[in-house]
Amino acid sequence: MQKIHSKRGIDFRIRGWPGERLIELDDPDRVAVPVDKLPVAKAGLLVKPGDRVRLGSVLFADKKRPWLKFLSPGAGRVSQINYGPRRVIKELVIDLDGDEKYVDFERFSLAGLRAAGRREIVDAIVAGGLWWALRRLPFRDVPDPDVVPPQILVGLAAKEPFSPLVELVLRDDPDLLRTGIEILEKLAPKVIVYTHADNHEVLRTAGDVVNLVVDGRYPADDPATVLYRTKQSASENRSWYIDYQDLLLVAGLLTTGRLPTRRIFAVGGTRAPSRVHFRSRLGVPVSHLVDIRAIEAGSRLIAGGILRGYSLEPDGFMGIFETGLAVLPANREAEFLALFRPGFNRPTNSRAFASRLRRRELEYDCGRQGPERACISCMYCADVCPVDILPQMLYKAILAQEVEEYLAHGLLDCVRCGLCSYVCPSKIELTENFEKAKMEYARQQ
Ligand code: SF4
Ligand code: SF4
């Protein structure tokens, strides 16, 4: 088994990790598909408010890529179509009626799956509305089903703070993961299944499918970091990846002929009323996972990771890619005479504070702790970057709009881990600028 070590990154000593308890939740009254968080150019609606839908009815498809469809994660009535700024669709809400009528999709036996060709498997995933689960590097967009990628990466790891414990997710049905990997082997000539060296339980239960072990701090287990560390040639830059929970959905779809909707969410953070794992439905309301009334004022709900996720309103819904929800203080209260204190409780990577010397977990908040200032060339950002970028140089090339130069500085290798912004003492929004430049470059391409 191949092993790689990533030297850079950060070990978050963060308080509020969800425990190992898994709570099975009843279905919520309603679910939604948050459209504005999807990699969709323009959503073409196929339903209107008042329509009745089954589990698996097509709600909308991308106008430019009709094969990219999004299905209803429940049976019921389309109750709301909410719009954001410039009349862009924000979310579709479905009131569940409890009878769970569903659309039948093609169902494969294990032997049938093994005998099927690539086209058959692609068509079944596209028809079952789960093609969105596959993502393509470096832009993390949804790949064209007709293109054969050099390889597909599947990470059975979770260094991102407050993501679900992999062993807990795999405990119920480890064979479903094996089926999922057989499905991926139909789509690409090579499938890399990796886990983190710390994850002994995963190595014990699913070690037979793991062919790579990664070691190192966050984001050593991000697929883009793994690709950077393992790629042999530039042709691998367009590799695909899939989240392991999404792979279980794909395997469930093809083996049951029915769109699976259950997934495990981790709820963490010091302000979360209970820090546990919940099994619930795709598109679940945030208020079904946390008791909103029990959350202290001045807290923020974050989905998709504390460094690269986004804020959710208490009446919002979990996006279809999200499996983690963090509840953190929005801002740290200003300490009296903070400049003259050693900072034992300050969650920072800076060598200027005494918290670096202590190993205990600290409370993180969402505040920036000050306005943006000029770069002081401290190189902290380069010290943590997992893909050897010099973020301060890349930032300058982007500001100067020097396309050749920012590509040479590795813009396309950036894994959007957020660490450079997190450690920057000048509070420069490096990651945000890199992501904008990358998206702009993708649009021009
Ligand atoms: S961490 Fe911030 S201040 Fe330091 S070199 Fe990087 S961009 Fe400049
Ligand atoms: S440039 Fe910043 S966001 Fe990109 S990989 Fe490096 S540390 Fe992470």
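The structure displayed is predicted, hence computed values, not measured ones. (Residues numbered from 1 in each chain as written. Chains lettered and ligands numbered in written order. Predicted model: local features only at pLDDT ≥ 70, side-chain atom pairs only at ≥ 80, totals over all residues.)

Participant: Help me understand the overall build of the protein chain, please; the structure alone is not making it clear to me.
Facilitator: Tallying secondary structure elements over the protein chain gives 13 helices and 19 strands in all. In terms of C-alpha radius of gyration, the protein chain reaches 22 Å, essentially the compact-globule figure of 22 Å for 445 residues. Residue pairs in contact within the protein chain that sit at least 24 positions apart in sequence constitute 69% of those at least 6 positions apart. (Helix = DSSP H or I, 4+ residues; strand = E, 2+ residues; numbered from the N terminus. Rg over C-alpha atoms; globule rule 2.2 N^0.38 Å. Contact = placed C-beta atoms within 7 Å.)

Participant: Would you take a moment to explain the domain arrangement of the protein chain for this structure?
Facilitator: A common way to express how large an interface is: the accessible area buried when the components associate. According to the domain assignment, the protein chain contains domain 1 (1–15 + 28–260) and domain 2 (370–444). Residue-level contacts link 12 residues of domain 1 with 12 residues of domain 2. Here the side of domain 1 that touches domain 2 gets three residues from one element, more than from any other, and that element is helix α6 (residues 223–230). (Domains from an automatic or database assignment.)

Participant: Is there a simple way to think about unusual backbone geometry in this case?
Facilitator: Most peptide bonds are trans, and most residues other than glycine sit at a negative phi. That bond from L137 to P138 is cis: its omega, 5°, falls within 30 degrees of zero. Cis peptide bonds are those with omega within 30 degrees of zero, and the linkage from Y218 to P219 qualifies with 5°. By the element assignment, P219 lies in the loop between β13 (212–216) and α6. Positioned with a positive phi, R140 is a non-glycine residue whose angle comes to about 60°. Of note, R140 is situated in the loop between β10 (134–136) and β11 (152–156). Although it is not a glycine, K427 sits at a positive phi angle of roughly 60°.

Participant: Even after reading the chapter, I still don't get the nonpolar core, so can you show me in this structure?
Facilitator: For soluble globular proteins, nonpolar side chains are generally found buried alongside one another. Residues V154, L156, V166, V250 and L325 are the most contacted members of the largest nonpolar core, which totals 117 residues. Per-element accounting of this core gives the leading share, eight residues, to helix α7 (residues 244–256). Both domains that furnish three or more residues to this core are identified here as domain 1 (1–15 + 28–260) and domain 2 (370–444). Beyond its immediate sequence surroundings of up to four residues, V154 is in contact with I181, L184, V191, V193, I242, Y244 and L247. (Core = buried A, V, L, I, M, F, W, Y, C linked by C-beta atoms within 7 Å. Buried ≥ 20, exposed ≤ 12 C-beta atoms within 10 Å, placed from the backbone.)

Participant: Help me out: how do you make sense of the packing of helix α4 (residues 174–187) against α7 in this one?
Facilitator: Between two packed helices, what matters for the description is the angle formed by their axes and the separation of those axes. Running from N to C, α4 and α7 cross one another at 85°; their axes reach a closest spacing of 8 Å. In this view, α4 runs roughly perpendicular relative to α7, as classed from their interaxial angle. Contacts from L176, L177, T179, G180 and I183 in α4 reach Y244, L247, L248, V250, A251, G252, L254 and T255 in α7. Residue composition of the contact of α4 with α7, grouped by class: nine nonpolar, four polar and no charged. (Axes fitted to C-alpha atoms, helices over the stretch in contact; angles between N-to-C directions. Parallel < 35°, antiparallel > 145°, perpendicular 65-115°, else oblique. Nonpolar A, V, L, I, M, F, W, Y, C, P; charged D, E, K, R; others polar.)

Participant: Help me out: how do you make sense of the environment of E24 in this one?
Facilitator: Structurally, E24 can be placed in strand β2 (residues 22–24). With 9 C-beta atoms packed within 10 Å, E24 lands in the exposed category. Separated by 20 residues in the primary sequence, E24 and I4 place their C-alpha atoms 36 Å from one another.

Participant: What should I look at first to understand the site of ligand 1 in this one?
Facilitator: Of all residues adjacent to ligand 1, which total 15 residues, the nearest are C375, C378, C381, C424 and S426. Those elements that provide at least two residues to the shell around ligand 1 are α9 (380–384) and α10 (391–399). Considered class by class, the residues forming the shell around ligand 1 number 12 nonpolar, three polar and no charged. (Near = placed C-beta within 6 Å.)

Participant: Whenever I open this one, the site of ligand 2 confuses me. Can you help?
Facilitator: By nearness alone, 16 residues border ligand 2, and C385, C414, C417, C420 and T431 come closest of all. Among the elements of the structure, α12 (419–423) and α13 (430–444) are those that each provide at least two residues to the shell around ligand 2. A total of three residues in the shell around ligand 2 trace back to one element, the largest contributor, which is α13. Looking at side-chain class alone, the shell around ligand 2 contains 13 nonpolar, two polar and one charged residues.

Participant: Hey, could you run me through α6 in this one?
Facilitator: An α-helix turns once per 3.6 residues; consequently, residues spaced three or four apart project the same way. For α6, the buried fraction is high: six of the eight residues fall into the buried class. Buried residues of α6: P223, A224, T225, V226, L227 and Y228, and no others. The secondary structure elements touched by the buried residues of α6 are β1 (2–6), β11, β12 (191–196), β13 and β14 (240–243).

Participant: Which parts of the structure should I look at to understand the confidence of the model for the protein chain?
Facilitator: Low pLDDT means the predicted coordinates in that region are not meant to be read closely. For the protein chain, the mean per-residue pLDDT works out to 91, and 93% of the residues sit at or above 70. pLDDT under 50 marks residues 336–340. Its contacts with residues more than four places away, or in other chains, come to zero contacts. (pLDDT = per-residue confidence, 0-100.)

Participant: What's the story with the sheet that holds strand β3 (residues 30–34) in this structure? I'm lost.
Facilitator: Two pairing modes exist for strands in a sheet, parallel and antiparallel, and in both the strands are linked by backbone hydrogen bonds. Within the open sheet, the four strands sit side by side as β3-β9-β8-β5. Their pairing is antiparallel. In this open sheet, the two edge strands, each paired with only one partner strand, are β3 and β5 (52–53). Here β3 pairs with strand β9 (residues 89–96) via five bridges, running antiparallel. Among the inter-strand pairings, V31 is bridged to a residue of β9, identified as I94. (Pairing = 2+ DSSP bridges.)

Participant: Sorry if this is basic, but what is going on with the environment of V166 here?
Facilitator: If you trace the backbone, V166 turns up in helix α3 (residues 166–171). Looking at V166, the number of C-beta atoms within 10 Å reads 24, which means it is buried. Separated by 164 residues in sequence, V166 and Q2 have C-alpha atoms that sit 20 Å apart.

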